[in-house]
Each structure stands twice: as structure tokens, then as C-alpha cells.
There are 2 protein chains.
Amino acid sequence: MTAALSTAPQPRIVTAAVLVIGNEILSGRTKDANLNYLAIALTEIGIRLMEARVVPDIEATIIAAVNELRARYDYVFTTGGIGPTHDDITAASIAKAFGLKLIRDERAVDLLTRQYGGPEHLTEARLRMAHVPEGAVLIDNPVSAAPGFQIGNVYVLAGVPRICQAMFDGLKGRLQGGDKVLSVTVSAHIGEGVIAKDLGLLQDRYSDLDIGSYPYFRQGRYGASFVMRGTQQARLEAAAVELRDIIRRLGAEPIDGEPAA
Amino acid sequence: MTAALSTAPQPRIVTAAVLVIGNEILSGRTKDANLNYLAIALTEIGIRLMEARVVPDIEATIIAAVNELRARYDYVFTTGGIGPTHDDITAASIAKAFGLKLIRDERAVDLLTRQYGGPEHLTEARLRMAHVPEGAVLIDNPVSAAPGFQIGNVYVLAGVPRICQAMFDGLKGRLQGGDKVLSVTVSAHIGEGVIAKDLGLLQDRYSDLDIGSYPYFRQGRYGASFVMRGTQQARLEAAAVELRDIIRRLGAEPIDGEPAA
């Protein structure tokens, strides 16, 4: 008469948020190209991206967002606002968010001196890029030298996609992931409204999985992809077996993965 | 000895936020394609996009984000989560955010009945798409009939880009914009670190404008685009004249607009 204790191990969950900083994304001038890259890369190392925000180059807004996100998630990754011009206010804003002094990092000065070909080319503006919150750890920039930095659980990356992505690739070995979220996708040329009821019941039976339904229109045909996500491969496979049966019972043919483009 | 009162008219500022709802964006499965479209379209009608967020399909998270954003901005546009499957929880979440009942809208039922070819094809799942918070106004969906809706200052759009964009195009005539943010872009094959000081001084002289600096690497050359944004064309043009002079003085040639790709 007592409820059975669940024997399934609790997954180890590690979370993250991405904070995109830049007026140019909000005005529509620039299409963000980093969020999807970071989402995929974080998923691969067992970190769950739980939220993303885009905010303008306004100090108070950046401070509020950083402080909210760093309290809520294990990791925060910011992109943008670390160049040499007056609108690059990320480093100063993050120092204020942490209540830390913004200091000149001598290793960053060395990196910039080499990048620009000697101290005589280190304009005051370029030296801005050597300023980090006191105690920050530099993040390598293999593209153009000017480093990002880490302070606490906040990782500050460049906005230029090539640089942002190279910085992330270089630092990801330092991140501690949890159990990886695996996924299995099954598609079918079937209306979502036809399969929805059975799909909902499948979700109820597999409450440890997240089952998403994403309609598509390809090669002149409507259909949907069903993405099952969870930490246990065996559970995903069991759900996929049931889902293929459901699809066949409804008169369609299951397709493993996404449909041909 | 008294400070002169500013004679510049205060711009009429109307603000918005975009809330992207969907696990698939955060897992990296799907690249968001609506934010940039909405950013550009809102700018064109004089509405300033001040923030964007991406949140997962979790009711409490959606409710918290909607309530925070609708209190802070004039308009909120949500995308995603209004289909017929169990993971489509946007309408119910927004009803809860407003403390309203979720009701079946008979005009939406009519639209869906026609779309699916008769009441016998209206599965329970498809009828989910006819549910809106009590008092909501439907938003037309010219692609696949299932409507979005407006409640208060929150506009609920589909996630599928073609549908999201068609919904927005249809409703935008109902939005009240403020003064439009105009922009002038000047580019140059010049290092940001070389021009940064003069650019900062230019920003100080034109504090009514937002001047952004965006580095690029095109056709084998580094350079930067300088985007000046503000509500008064004359001020933008005056700043552009000064900026072109600055660029020439530093030995480069100003390029109007973005550099050739």
C-alpha cells in the first residue's frame, strides 16, 4: 500500500543562461549568430541552456540581467560589448554587477601589445580591452588577441561570431557538465492534430522525458518531427518504439530523424 | 547664469519586448528566425525593441516572464507554443499570467472547422487551438487558420516563421508607434582602436544619438561600420558630416552605408 520509491537515478542537472548584449541585435541591424552555436555546444557537454536574453548597451540593464541570471543558473555566458569603443561597456558593467574594481590586466596588455605590433600602437582605446574585473581569469581569443574573461560563474565572450565561438571552444574544457541530455527524433507525414492525443499520453507515460512536436512543410508535404529528450538512452529508445507504433497505427510511416530537406 | 532649457522636442518613445517560447531554441535544435524579423518590423513602425528573452515550455517560467515584460514595456510579442500538442502551453500560461479563464472562442472554432474540412475533423487536440484567455482578440493566421490572440498589451504569435511573420504583418496596423528611430551608417577601412577616441567625443557631442561601432572583415580587409541612431534626421546628418571628416583626418575614406559584401 506504500508508494514504491523510484529507483531511477536523479539526473545531475547543470544549467546555463546566455546574455546577448547589443543594441544592434534589438534594432534588427545584426542577426544574432551565437545563441544557436552556444545552445548546441552546451547541450553536447551536458549543460542545459535554460534561458537566453538580449539586452541593449545600457549599464543598469546589463547589471540587473547579469545579477539575476548568475544567481539563478550555474553558468552565464555573455556575448558582445568587449571592444575598444565607447559603446563597449560590458566589462565595466560586469565589474559593477559583482561590486569589483575594473583593473588593467598586465597579461592582457602583453597580448594586445603583441597583436598591434608594439606599445606605440596601444591607443587608450585599445587598452580598454585589457580591463577586467579584479580577480577575473582571461579567456583566450585566438582570432584577434583581445581576451574575454571569467569572473565567478560568468563568462564574457566577444560578439563577433568567429571570435565568440573560438573563445567558447577554447574554454569549454573548464566547464563541468551534468548528465547529458540525449535526444531521439522520429518524424512522420502526419498532422499534429491527428497524433496529438496519443503523443500526450506517451508524454504522460514517459514523464522523465521531454517530448516536443515540431510541424514542418517539406517537399510539398506537411508533417511533424517528434523530438524526445532525456538522460537515459534506454528510455528514449523505449519511447521511440512506442511512438513508431502509434504512427503506424494512425496510417503513416515513421521516419527516423528529421525528414529529408 | 541659469541653464538654458533644452528646446529639442522629447521623442515619443514606445517600447516592446519579444518572448520566444520553446525548448527547441534552447536545445539548439531550431534556430530562431523570428527575432530579427520582428526587430526590423518594429523599428520601421516606431516601436523600440528593448529586450528579448527565450524561455522553455515551462508554465511557471512563461507566466513570470510575461508578467515581468508586460509591466515593463508597452508591447510584448510572444512566439511559439500555440499548436495542438501537449507541449503547446502558451495560451493556458498567458491566461494564468493575466488571472483569466481560458475559454473556447467560437470564431476560432469556425476558422478551424473550415480549415480542416468539417467538424468531424476537429479532434480534441485541434480544438485546443481555439482556446484563448477570456476577452482576447484573435490574430489572423492567413497560412494555416489557427489564430493567435491579443490580450492586454501581449500579442501571441505562432513559432513557425512563415506564420509568425504573416500574423505580425496582419496586425501591425493596430499598433501605435512612437517617433521612429532613424539611422545613418558610415563605414571605413579603419581600426576601431584608431577611431575610438574621436568616436567617443562625437557621441558626447551628440548625446541625443546612439552611436554604435561594429567591426567587420570583408574582402580581406578589416574595418568598422558606425551606426548612428536617433529620431531627428538633421541631427543624424550633422553627425555623419563630422564623422566623415574624422575618418578622412585619420587617413581613411568614408563609405556611406555598409561596405560591399
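Residues numbered from 1 in each chain as written. Chains lettered and ligands numbered in written order. Predicted model: local features only at pLDDT ≥ 70, side-chain atom pairs only at ≥ 80, totals over all residues. Heavy atoms only, no water.

Looking at an unreviewed UniProt entry, one finds chain A named Molybdopterin-binding protein and attributed to Dongia soli.

### Remarks on the overall build of chain A
Convention followed: Helix and strand definitions here come from DSSP, where helices need a minimum of 4 consecutive H or I residues and strands a minimum of 2 consecutive E residues; each element is numbered from the N-terminal end. A radius of gyration in this sense is built from C-alpha atoms; the matching globule rule multiplies 2.2 Å by the number of residues raised to 0.38. Any two residues having at least one pair of non-hydrogen atoms within 4.5 Å are treated as being in contact. Note on areas: Shrake-Rupley with a 1.4 Å probe; residue coverage comes only from the protein chains shown. The positive count covers Lys and Arg only, the negative count covers Asp and Glu only, and His and the chain ends enter neither. The location of each charge is read from NZ of Lys, CZ of Arg, CG of Asp or CD of Glu.
Scanning chain A from terminus to terminus reveals 9 helices and 12 strands. Relative to the compact-globule value of 18 Å for 261 residues, chain A shows a C-alpha radius of gyration of 23 Å, a clear excess of over 25%. If one aligns the C-alpha atoms of chain A with their principal axes, the spans along those axes are about 75 × 55 × 30 Å. The contacts of chain A with a sequence gap of at least 6 include a subset with a gap of at least 24, amounting to 70%. About 11,800 Å² of surface is accessible on chain A, with carbon and sulfur atoms providing 52% of the total. In chain A, 27 side chains carry a positive charge and 30 a negative one; their mean positions are 1 Å apart.

### Quick word on the sheet that holds strand β11 (residues 221-230) of chain B
Residue and element names in this part refer to chain B. The condition is simple: Strand pairing is assigned whenever DSSP identifies at least 2 bridges connecting the two strands. Where helices are involved, their axes are fitted lines through C-alpha atoms of the stretch in contact, as for all axes, and angles between N-to-C directions lie from 0 to 180°.
The sheet built from 4 strands is open, its strands ordered β10-β11-β9-β12 with antiparallel pairing. Two strands close off the open sheet at either side, each with one partner strand: β10 (210-218) and β12 (255-256). Note: β10 against β11, 9 bridges, orientation antiparallel. From the neighbouring strand, Tyr214 faces β11, where its bridge partner is Ser225. Strand contacts of helix α8 (residues 192-205): β10 and β11, with the helix running at about 165° to β10, the strand carrying the most contacts. Relative to the sheet, helix α9 (residues 233-249) contacts β9 (182-188), β11 and β12, its axis offset from that of β9 by approximately 5°.

### Side note on the pattern of salt bridges
Residues and elements named next belong to chain B. Filter applied, for reference: Every case where a carboxyl oxygen of Asp or Glu lies within 4 Å of a side-chain nitrogen of Lys or Arg is listed as a salt bridge. A simple rule labels every residue: compare its accessible area, found with a 1.4 Å probe on the protein chains alone, to the largest value its type can have, and call it buried under 20%, exposed over 50%, or partly exposed in between.
Scanning all chains against the criterion turns up 26 salt bridges over all chains. Between Glu68 and Arg53 there is a salt bridge, with its nearest N and O atoms 2.9 Å apart. Remark: Arg53 occurs in strand β2 (residues 48-55) and Glu68 occurs in helix α3 (residues 59-72); sequence separation between them is 15 residues. Taking the relative accessible area as the measure of exposure, Arg53 reaches 3% and is therefore buried. Note that Arg248 is salt-bridged to Asp245, the shortest N-O span being 3.5 Å.

### Remarks on α8 of chain B
Helical geometry note: an α-helix holds 3.6 residues per turn, so side chains three or four residues apart project in the same direction. Residue and element names in this part refer to chain B. Put simply, the rule is: Multiply 1.5 Å by the residue count of a helix minus one, and that product is the helix's expected span. Bend angle per residue: angle between axes fitted to the 7 residues ending at that residue and the 7 residues starting there.
With 14 residues, α8 ought to run about 20 Å at 1.5 Å a step, and its terminal C-alpha atoms sit 19 Å apart, in line with that. Along α8, the helix axis deviates most sharply at Asp198, where the bend reaches about 30°. The complete set of buried residues in α8 reads Glu192, Gly193, Ile195, Ala196, Leu199, Gly200, Leu202 and Gln203.

### Considering the sheet that holds strand β2 (residues 48-55) of chain A
Spatial ordering of the open sheet is given by β6(A)-β7(A)-β8(A)-β3(A)-β1(A)-β2(A)-β2(B)-β1(B)-β3(B)-β8(B)-β7(B)-β6(B), a layout of 12 strands whose pairing is mixed. Two strands close off the open sheet at either side, each with one partner strand: β6 (137-139) of chain A together with β6 (137-139) of chain B. Here the average twist between neighbouring strands, direction ignored, is 20°. As paired strands, strand β3 (residues 75-79) of chain B and strand β8 (residues 154-157) of chain B are joined by 4 bridges and run parallel to one another. Across the sheet, Thr79 of chain B pairs through a bridge with Leu157 of chain B, a residue of β8 of chain B. Its contacts with the sheet put helix α7 (residues 161-171) of chain A on β3 (75-79), β6, β7 (148-151) and β8 (154-157) of chain A, and the angle it makes with β8 of chain A is roughly 140°. Sheet strands in contact with α3 of chain B are β1 (15-21), β2, β3 and β8 of chain B, and its direction is about 175° off that of β2 of chain B.

### Here's the deal with the nonpolar core
Our working definition: Definition used in this section: a nonpolar core is a set of buried Ala, Val, Leu, Ile, Met, Phe, Trp, Tyr and Cys residues joined via side-chain atoms within 4.5 Å.
Counting 117 residues, the largest nonpolar core has Phe77 of chain A together with Phe77 of chain B as its most contacted members. Excluding residues within four positions of it along the chain, Phe77 of chain B makes contact with Ala16, Ala17, Val18, Leu19, Leu42, Tyr155, Phe168, Leu171 and Leu175 of chain B.

### Quick look at the packing of aromatic side chains
Note the cut-off: Paired rings are identified among Phe, Tyr and Trp, the last through its six-membered ring, by centres lying within 6.5 Å, and are further divided according to the angle between planes into stacked (under 30 degrees), edge-to-face (over 60) and tilted (the rest). Consider the ring centre and the ring normal. A charge sits over the ring if Lys NZ or Arg CZ is within 6 Å of that centre and within 35 degrees of that normal.
Tallied over the entire structure, the rule returns 10 aromatic pairs over all chains. The interplanar angle of 70° and the centroid separation of 5.6 Å between the aromatic rings of Phe77 of chain A and Phe168 of chain A together place this pair among those described as edge-to-face. With Phe77 of chain A in strand β3 and Phe168 of chain A in helix α7, this residue pair connects regions lying 91 residues apart in the sequence. Phe77 of chain A gets classed as buried once you look at its relative accessible area, which sits at 0%. The ring centre of Phe98 of chain B lies 3.7 Å from the NZ or CZ of Arg70 of chain B, which sits over that ring. The ring of Tyr216 of chain B carries the charged tip of Arg218 of chain B above its face, separated from the ring centre by 5.6 Å.

### Quick notes on the environment of Ile94 of chain A
Residues and elements named next belong to chain A. With respect to the secondary-structure elements, Ile94 resides in helix α4 (residues 90-98). Residue classification places Ile94 among the buried residues on the basis of a relative accessible area of 0%. Measuring from C-alpha to C-alpha, the distance between Ile94 and Val154 comes to 8.8 Å, with 60 residues separating the pair along the chain. Contact partners of Ile94, with chain neighbours within four places excluded, come to Val66, Thr78, Pro133, Phe149, Ile151, Val154 and Val156.

### As for unusual backbone geometry
The backbone phi angle of Gln219 of chain A is positive, close to 50°, even though this residue is not glycine. Within the secondary structure, Gln219 of chain A sits in the loop between β10 (210-218) and β11 (221-230). Not every positive phi belongs to a glycine, and Ala145 of chain B is a case in point at roughly 75°. Within the element layout of this structure, Ala145 of chain B appears in the loop between β6 and β7 (148-151). Ala145 of chain B gets classed as buried once you look at its relative accessible area, which sits at 12%.

### What to know about the relation of the copies chain A and chain B
Here is the rule we go by: The fit set for superposing copies consists of C-alpha atoms from residues with pLDDT of at least 70 in both; the fit itself is least squares.
Superposing chain A onto chain B requires a rotation of 180° together with a translation of 0.0 Å along the rotation axis, leaving an RMSD of 0.0 Å. Taken together, the rotation angle and the small translation identify this as a two-fold axis. Among all residues of chain A, the minimum C-alpha distance to the rotation axis is found for Arg53 of chain A, at 2.2 Å. When the interface residues of chain A are mapped onto chain B, 100% of them are again interface residues, pointing to one common binding face.

### Things to note about the domain arrangement of chain A
Note: interface size is frequently given as the accessible area lost on complex formation between the parts. Which entries qualify depends on this criterion: Residue ranges labeled as domains rest on an automatic or database domain assignment.
Splitting chain A by domain gives domain 1 (15-174) and domain 2 (182-256). With centres defined by C-alpha atoms, the gap from domain 1 of chain A to domain 2 of chain A works out at 38 Å.

### Regarding the packing of helix α8 (residues 192-205) of chain A against helix α9 (residues 233-249) of chain A
Packed helix pairs are specified by the crossing angle of their axes together with the interaxial distance, meaning the distance between the axes. Residues and elements named next belong to chain A. The following threshold applies: Our angle categories are set so that under 35 degrees counts as roughly parallel, over 145 as roughly antiparallel, 65 to 115 as roughly perpendicular, and the remainder as oblique. Left-handed describes a crossing in which the near helix is turned anticlockwise from the far one by less than a right angle; the clockwise case is right-handed. Under the scheme applied here, ten amino acids are nonpolar (Ala, Val, Leu, Ile, Met, Phe, Trp, Tyr, Cys and Pro), four are charged (Asp, Glu, Lys and Arg), and all others, including Gly, are polar.
Remark: α8 packs on α9, axes separated minimally by 11 Å, with the N-to-C direction vectors making an angle of 160°. In terms of axis orientation, α8 runs roughly antiparallel to α9. With respect to the hand of their crossing, α8 and α9 are arranged in right-handed fashion. From α8, Ile195, Asp198, Leu199, Leu202 and Arg205 reach across to α9, where they touch Arg235, Ala239, Glu242, Leu243, Ile246, Ile247 and Arg249. Its residues placed into classes, the contact of α8 with α9 shows 7 nonpolar, no polar and 5 charged.

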